[in-house]
Amino acid sequence: MTTKHFSALASATARAMAAVRTEHCPAPDYRPAAPVRASMPCTRCGGVLKFNVSAEGRTSGRCSSAGCITWRDL
């Protein structure tokens, strides 16, 4: 499935998680060189999406808009 088709079918949370992992968790380890704390435009509302990526590659994020995207890898 192409990225265009994934974006059309996936939820806003799945798109945000994929964007964070694509940028900060490169192959072959799928882990960042160091823990990451950053922000990006929200994939749902366009607000500020703050996210963390641990040294193990686990991600979490939360949009600044009430009731919008939030996730945590366990």
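Residues numbered from 1 in each chain as written. Predicted model: local features only at pLDDT ≥ 70, side-chain atom pairs only at ≥ 80, totals over all residues. Heavy atoms only, no water.

1. A few points about the pairing of strand β1 (residues 36–41)
Then step 1. Alignment of β1 against strand β2 (residues 48–53), held across 6 bridges, turns out to be antiparallel. When the bridges of β2 are listed, Ser39 appears paired with Lys50.
Then step 2. Linking β1 to β2, which pair antiparallel, is a turn of 6 residues; within it Gly46 sits at a positive phi near 85°. (Pairing = 2+ DSSP bridges. Helix = DSSP H or I, 4+ residues; strand = E, 2+ residues; numbered from the N terminus.)

2. Let's talk about the layout of surface pockets
Then step 1. Computed from the structure, the largest pocket encloses a volume of approximately 160 Å³.
Then step 2. Every residue lining the largest pocket is listed: Arg37, Ala38, Lys50, Phe51, Asn52, Ser60, Gly61, Arg62, Thr70, Trp71 and Arg72.
Then step 3. Of all the secondary-structure elements, those providing two or more residues to the lining of the largest pocket are β1, β2, β3 (59–63) and β4 (70–72).
Then step 4. Here the lining of the largest pocket is built from residues that sort into 3 nonpolar, 4 polar and 4 charged. (1 Å grid on protein atoms, 1.4 Å probe; cavity = no way out; pocket = protein on both sides within 12 Å on 5 of 7 lines; lining within 4 Å. Points joined across faces, edges and corners; volume = space filled by probe spheres on them. Nonpolar A, V, L, I, M, F, W, Y, C, P; charged D, E, K, R; others polar.)

3. Observations concerning helix α2 (residues 12–24)
Then step 1. Here α2 spans 18 Å end to end across 13 residues, near enough to the 18 Å set by a 1.5 Å rise per residue.
Then step 2. Considering only its buried residues, α2 is in contact with β1, β2, β3 and β4. (Expected span 1.5 Å × (residues − 1). Contact = heavy atoms within 4.5 Å.)

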